[in-house]
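Residue-level listing of the chains:
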Amino acid sequence: MKRAISTPTSTPTSPLAPLERLLASLLHYGTWVASLIIAVGFVLTLIHTNSGVSHPETMLGMRIVTTGIVLFILLPVLRLMLMFGVFLRERDYRFSAIAALVLLIVAAGCVTGAYLAPSMAG
Amino acid sequence: MDIGFTIWLFAISIGASALGGMLGMASGIFIVPILTVFGHLNIHVAIGASIVSVIACSCGGAAPFLRARLTNIRLAVVLEIATTLGALCGVLLAGIIPVSALFLLFAAILLLSARQMLARRGDPIDTSAPVRSGSWAAKLRLDSSYPDRALGRDVAYRVQRVPMGMALMYGAGLVSALLGIGSGVLKIPAMDTALRLPIKVSSATSNFMIGVTAAASAGAYFVHGDIVSAIAGPVALGSVVGAVLGARILMRVSNEKLRGLFVAILVLLAVQMLLQAFGINPFGASA
């Protein structure tokens, strides 16, 4: 293994803002939790898939996979909610309003999905 | 569920994501063509799976950028108004646009990416333009600074032409929703030409925004039933693994060789998507 030649021993710049640290943790751990849930779902599905078609356990495994996927889709939404909360606490009303507006547009996207013509996936 | 197909999906997603991660591209641009051309999947199912993996890669890759203070969070949330609105329109269009047009548009985006890969990106020169008190950037306090390791100090930068940046971001959001990609191809010109951000800041901020943009369309596609767990699950998982691997390999492979390989793959996939648009699939049954 080659070692890094220039190791930055100290960071002379200003310390990390709490919002950045919070967001980094949320996205980092959120990604691993969602990935783990999907992996567990697949292991369960693989174990039970040999025994027959549409076994209740197979369905359970797939449902766990779906849960992981939903968590992935929710992760950016949670990130927006966190930003909304932090901006609000900092009394930065303009930016909390912007975060809320983005949340509203994302929500509108989900509602739109329900009313689209049901032709696409089949 | 077909175990062989699941493993194939997992494997190609690792490959696509590792390859994309090495040059700072989302894996979506490879995943949709591979799933439709070689996996014979419906393009809407492929887009649904891809958009989830785009979120996974964005969220998985965001933490190091945030910790390095490269992400401009304030600018990101302002631009997200435009990208999510674009995504919303993309979702509406996705149901109307004929499948062959989607393939054509995809081919065009692939070729555009190839061209962009060949052109060198440089930091915009005038990052210290005079302050315009009436500008959006001044009103919203978007100007910021980032720590430059090479210089060992913070480098201040100004955000310019926000309205033009917003307009380009709207287009990026629309294409992202329509094709299930992160559409970095369209975000890069917006960041470089309009907003004039330093490259490190624009890569970090663009990656950060991609998750929210994709969530707007992924939510719609999920509710609509286009996101099939048996497909989207292994693709998302493979993409996360691939992104981790890609970041490791990045440090060992020459950038020039990679660039050449990348352009070749992009052109090849563009040709396949063009053929697909006209109903020709040289790899068996047409999707």
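The structure under discussion appears in the preceding block.
Every value quoted in this text rests on a predicted model; they were computed, and no experiment measured them.

*Asks:* Which residues make up the overall build of chain A, and what are the values?
*Replies:* When helices and strands are counted, chain A shows three helices and zero strands. Out of the 122 residues belonging to chain A, those deemed buried represent 37%. Accessible area for chain A stands at about 7400 Å²; split by element, carbon and sulfur atoms hold 69% of it.

*Asks:* Can you tell me about the overall build of chain B, naming the residues and giving the values?
*Replies:* Across its full length, chain B holds eleven helices and two strands. N-terminal to C-terminal, the α/β element order of chain B is α-α-α-α-α-α-β-β-α-α-α-α-α. Every one of the 287 residues in chain B was classed for burial, and the buried ones make up 57%. Summing over all exposed atoms, chain B offers an accessible surface of approximately 10800 Å²; the carbon and sulfur share of this is 68%.

*Asks:* Report on the pattern of salt bridges, specifying residues and quantitative values.
*Replies:* Summed over all chains, the structure comprises five salt bridges over all chains. With a closest N to O distance of 3.0 Å, Arg74(B) and Asp92(A) form a salt bridge. Of this pair, Arg74(B) sits in helix H4 (residues 73–94) while Asp92(A) sits in the loop between helix H2 (56–89) and helix H3 (93–115), on two different chains. Arg69(B) is paired through a salt bridge with Asp154(B); the nearest N and O atoms lie 3.3 Å apart. With a gap of 85 residues between them, Arg69(B) in the loop between helix H3 (43–67) and H4 and Asp154(B) in strand E2 (residues 153–157) connect regions that are remote in the sequence. Classification of Arg69(B) as buried rests on a relative accessible area of 11%.

*Asks:* Outline the pairing of strand E1 (residues 144–148) of chain B, listing residues and values.
*Replies:* When a strand is regular, its side chains alternate between the sheet's two faces. Residues and elements named next belong to chain B. With five bridges connecting them, E1 and E2 associate as antiparallel partners. Across the sheet, the residue bridging to Asp 148 is Arg 153, located in E2. Following E1, the chain reverses through four residues before pairing antiparallel with E2; Gly 152 in that reversal takes a positive phi of roughly 75°.

*Asks:* Go over the packing of helix H8 (residues 184–195) of chain B against helix H9 (residues 199–224) of chain B, please, and point to the residues and values.
*Replies:* All names here are of chain B. Direction vectors running N to C along H8 and H9 enclose 135°, while the axes themselves pass 11 Å from each other. Classified by the angle their axes make, H8 and H9 are oblique. The interaxial crossing formed by H8 with H9 has right-handed handedness. Where H8 approaches H9, its residues Lys 187, Met 191 and Asp 192 are matched on the opposing element by Ser 202, Thr 205, Ser 206, Met 209, Ile 210 and Thr 213. Class assignment of the residues belonging to the contact of H8 with H9 gives a composition of three nonpolar, four polar and two charged.

*Asks:* Which residues make up the state of the cysteines, and what values go with them?
*Replies:* By definition, a disulfide links the sulfur atoms of two cysteines through a covalent bond. Counted by the stated rule, this structure contains zero disulfides over all chains. Between Cys110(A), a cysteine without a disulfide, and Cys59(B), which holds the nearest cysteine sulfur, the sulfur-to-sulfur distance is 15 Å. Here Cys57(B) stays free of any disulfide, with the sulfur of Cys59(B) as its closest cysteine sulfur at 9.6 Å. According to the relative accessible area criterion, Cys57(B) is buried, its value standing at 17%.

*Asks:* Account for H8(B), with residues named and values stated.
*Replies:* Those residues of H8(B) that fall on the buried side of the exposure criterion are Val185(B), Lys187(B), Ala190(B), Met191(B), Asp192(B), Ala194(B) and Leu195(B). Downstream of H8(B) by one or two residues, Arg196(B) has phi in the positive range, about 55°.

*Asks:* An account of the packing of aromatic side chains is needed here, citing residue identities and associated values.
*Replies:* Counting across every chain of the model gives three aromatic pairs over all chains. When the centroid spacing of 5.5 Å and the interplanar angle of 50° are considered together, the rings of Phe87(A) and Phe95(A) count as tilted. For the pair Phe87(A) and Phe95(A), a shared accessibility class is recorded, and that class is buried. Pairing Phe5(B) with Trp8(B) gives two aromatic rings, centres 5.6 Å apart and planes at 15°, and the pair type is stacked. Of the two residues, Phe5(B) and Trp8(B) both sit in helix H1 (residues 3–22), three residues apart, roughly one turn of that helix. Owing to a relative accessible area of 25%, Phe5(B) belongs among the partly exposed residues under this scheme. Taking the relative accessible area as the measure of exposure, Trp8(B) reaches 28% and is therefore partly exposed. Positioned above the aromatic ring of Phe95(A) is the side chain of Arg74(B), whose terminal nitrogen or guanidinium carbon lies 3.9 Å from the ring centre.

What counts and how
- Residues numbered from 1 in each chain as written.
- Chains lettered and ligands numbered in written order.
- Predicted model: local features only at pLDDT ≥ 70, side-chain atom pairs only at ≥ 80, totals over all residues.
- Heavy atoms only, no water.
- Helix = DSSP H or I, 4+ residues; strand = E, 2+ residues; numbered from the N terminus.
- Buried < 20%, exposed > 50% of the residue type's maximum accessible area, 1.4 Å probe, protein only.
- Areas by Shrake-Rupley, 256 points an atom, 1.4 Å probe, with all protein chains shown as cover.
- Salt bridge = Lys/Arg side-chain N within 4 Å of Asp/Glu carboxyl O.
- Pairing = 2+ DSSP bridges.
- Axes fitted to C-alpha atoms, helices over the stretch in contact; angles between N-to-C directions.
- Parallel < 35°, antiparallel > 145°, perpendicular 65-115°, else oblique.
- Left-handed = near helix turned anticlockwise from the far one by under 90°.
- Contact = heavy atoms within 4.5 Å.
- Nonpolar A, V, L, I, M, F, W, Y, C, P; charged D, E, K, R; others polar.
- Disulfide = S-S within 2.5 Å.
- Phe/Tyr/Trp six-rings, centres within 6.5 Å; stacked < 30°, edge-to-face > 60°.
- Lys NZ or Arg CZ within 6 Å of the ring centre and 35° of its normal.

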